[in-house]
Amino acid sequence: MSNAFQHRASAVVARASSLPNFALLLVACATLPMADAHDHDSSHIEEGNTISMDPIDTTLWIHIFIQMAAWGVIFPVGMILGMVKSRWHVPVQVGGTALAILGYALGHMHGGREFRDDNVHSKFATPISAMLFAQILFGIYLKLHIERGIHGKIRRVVKLGHGIVGKALPVFAWTQMIFGGITALGFCQGDHVGQCLAHFIMGSAFIAYGILLTILLLVGQLWLKRTGRSQEFFDSAVITVWGVINTFTEHRWGSAWVQNDWQHTTMGVIWWCAGMVGIWLSKDRDGRPQRNFIPGFIILITGWAFGGHPQHAQISAEVHKMYGYTLMAAGATRIIEVSLVLRDRATLSDDGWETNSFQYIPVFLLYASGFMFLSATEEQMELIAGSGMDHVAYILILFSLAALLFLFTLMLIQLYDRNISPAVTPRNAGTGRIGPEFAGRIPVRDAEEFELEGLMSDDEDDPAAKDVHGDDESFNSTLGKNSDGQAR
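Residues numbered from 1 in each chain as written. Predicted model: local features only at pLDDT ≥ 70, side-chain atom pairs only at ≥ 80, totals over all residues. Heavy atoms only, no water.

Participant: In this structure, what is going on with the overall build of the protein chain? I would like to understand it.
Facilitator: Helix and strand content of the protein chain: 16 helices and zero strands. Split into buried and exposed, the 488 residues of the protein chain put 47% on the buried side. For the protein chain, the proportion of contacts with a sequence separation of at least 24, taken over those separated by at least 6, is 80%. For the protein chain, the exposed surface amounts to about 24700 Å²; the carbon and sulfur share of it is 64%. (Helix = DSSP H or I, 4+ residues; strand = E, 2+ residues; numbered from the N terminus. Buried < 20%, exposed > 50% of the residue type's maximum accessible area, 1.4 Å probe, protein only. Contact = heavy atoms within 4.5 Å. Areas by Shrake-Rupley, 256 points an atom, 1.4 Å probe, with all protein chains shown as cover.)

Participant: Explain the packing of helix 13 (residues 360–374) against helix 15 (residues 391–420) to me, please; I cannot follow it from the model alone.
Facilitator: The geometry of a pair of packed helices is captured by two quantities: the angle between their axes and the separation between those axes. Where helix 13 meets helix 15, the axes come as close as 8 Å, and the angle between the chain directions of the two elements is 125°. Classed by the angle they form, the pair helix 13 and helix 15 counts as oblique. By crossing handedness, the relation of helix 13 to helix 15 is classed as right-handed. The segment helix 13 lies against helix 15, with Tyr-360, Val-363, Phe-364, Tyr-367, Ala-368, Phe-371 and Met-372 engaging Ile-395, Leu-398, Phe-399, Leu-401, Ala-402, Ala-403, Leu-405, Phe-406, Thr-409 and Leu-410. Broken down by class, the residue content of the contact of helix 13 with helix 15 amounts to 16 nonpolar, one polar and no charged. (Axes fitted to C-alpha atoms, helices over the stretch in contact; angles between N-to-C directions. Parallel < 35°, antiparallel > 145°, perpendicular 65-115°, else oblique. Left-handed = near helix turned anticlockwise from the far one by under 90°. Nonpolar A, V, L, I, M, F, W, Y, C, P; charged D, E, K, R; others polar.)

Participant: Could you clarify how one ought to interpret the packing of helix 12 (residues 314–341) against helix 13 in this entry?
Facilitator: Packing of helix 12 against helix 13 brings their axes to within 9 Å, and their N-to-C directions diverge by 160°. Considering their axes alone, helix 12 and helix 13 lie roughly antiparallel with respect to each other. When the axes of helix 12 and helix 13 are compared, the crossing they make is left-handed. Together, Val-319, His-320, Met-322, Tyr-323, Thr-326, Leu-327, Ala-329, Ala-330, Thr-333, Arg-334 and Glu-337 of helix 12 and Ile-361, Pro-362, Leu-365, Leu-366, Ala-368, Ser-369, Met-372 and Phe-373 of helix 13 make up the contact between the two elements. Partitioning the contact of helix 12 with helix 13 into residue classes produces 13 nonpolar, four polar and two charged.

Participant: Whenever I open this one, the pattern of salt bridges confuses me. Can you help?
Facilitator: Side-chain pairs of opposite charge can arise whenever the charged atoms involved come near each other. Throughout the structure, instances matching the rule amount to six salt bridges. Overlapping salt bridges bring together Glu-232, Arg-291, Arg-334 and Glu-337 as one network. (Salt bridge = Lys/Arg side-chain N within 4 Å of Asp/Glu carboxyl O.)

Participant: Teacher, can you tell me more about the environment of Cys-196 here?
Facilitator: With respect to the helices, strands and loops of the structure, Cys-196 is situated in helix 7 (residues 193–219). Note on Cys-196: relative accessible area 3%, which makes it buried. Cys-196 sits 178 residues away from Leu-374 along the chain, and the two C-alpha atoms are 8.5 Å apart. Apart from the residues within four sequence positions on either side, Cys-196 is in contact with Cys-188, Thr-377 and Glu-379.

Participant: Is there a simple way to think about the state of the cysteines in this case?
Facilitator: Linking two cysteines covalently through their sulfur atoms gives a disulfide. Overall, the coordinates contain one disulfide when judged by the stated rule. Disulfide partner of Cys-188: Cys-196, at an S-S distance of 2.0 Å. Its torsion about the S-S bond being -85°, the disulfide of Cys-188 and Cys-196 is classed as left-handed. This pair shows no difference in class: Cys-188 is buried, exactly as Cys-196 is. (Disulfide = S-S within 2.5 Å.)

Structure, rendered in structure tokens:
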């Protein structure tokens, strides 16, 4: 018994020692509390302000760009590599963690502009750092491959937690980037908090909706069919819930009604009223999934309402008007897509492979409208008006940011597809049509991989599949099974 235990312990130690990358992770974990011990100097902040009038120095700019690279680019790429069980998952995440720690430290070492200690960006750093720390511990435990006895059950829980935290980190990182922006500029204080919340939540929601539609368009069509419900059912359900929330939260009950209160509250009413119609229409008379126009109509009417929202400044009115036009275009093209391009079908082809170039239009317009609403608060408009920039240049910048995020989303999906789809000859290569292909391969059609797959490298649970998946029938992926049958 003693010899067996010693042999097992030696094996674990040897395996751990063969992973030098994890030593770096441990060092990174140890440095987290060190940076947190520093307090920002606020001696130059005038009474009633949240920041000093000093410019942002080079150190803080480096902090901003490093954190954007680590949390906004490297960690999402590492997440995808983990989902496809790539051997590059761990090195990429280690590199991202090292950059994040460096950026965290630089954020407490800068000069120039000063901030109050109780700012939201500083407070939110604690939970997001805790998530990263937990993710590191999960990864180390899984990499040790301790599976006997109670560790077998613990491993399953840790694997699930590793996947959930890994997929949640990009959402928390997006939130922290927004907090960083408003903290750096001293925005969203006092009476401006409510407006900031409305713009940032709604704008982020439209961007998230665009990302989800991109995923469903390229990798989720057969999954939708297997649920037995149309996409409009899920869209209408979310619209209904959101409408109910807006109806009872946009007006401070007990206070006097003002013009904006009426618009915001009635917008919530139309959302849940029409949303229930969309849920009802998502099934035909025989109970089968059915497409409908309601989500597109809700997006269109919301754009019209926001386009006519009263504004105090000319530049704000122009930005809101363009936001309204963009959202109306997204809703109109969505209706055209469902009714004319797809002709009420779930997909263009029975096997769920084909996409039409028109289907990308409403998706991209949702990204663009989200960025415009995110960037149209009163304080932001005052800043742009004082900078000498006109509304045309500002809107073009926002469309550029939307295009970059759209491109990054497509790149992540392609990275996923290239690493997990079987390399097969396209079924219609002789015709020259590229519609059924994505990244030169049969496209992924199963969104469950995005929802359920753990963030681990390929050698964590199946050593036999370490080098090749194609010959291993136990590699349990639904992604290569799209040709097994037609979706009904």
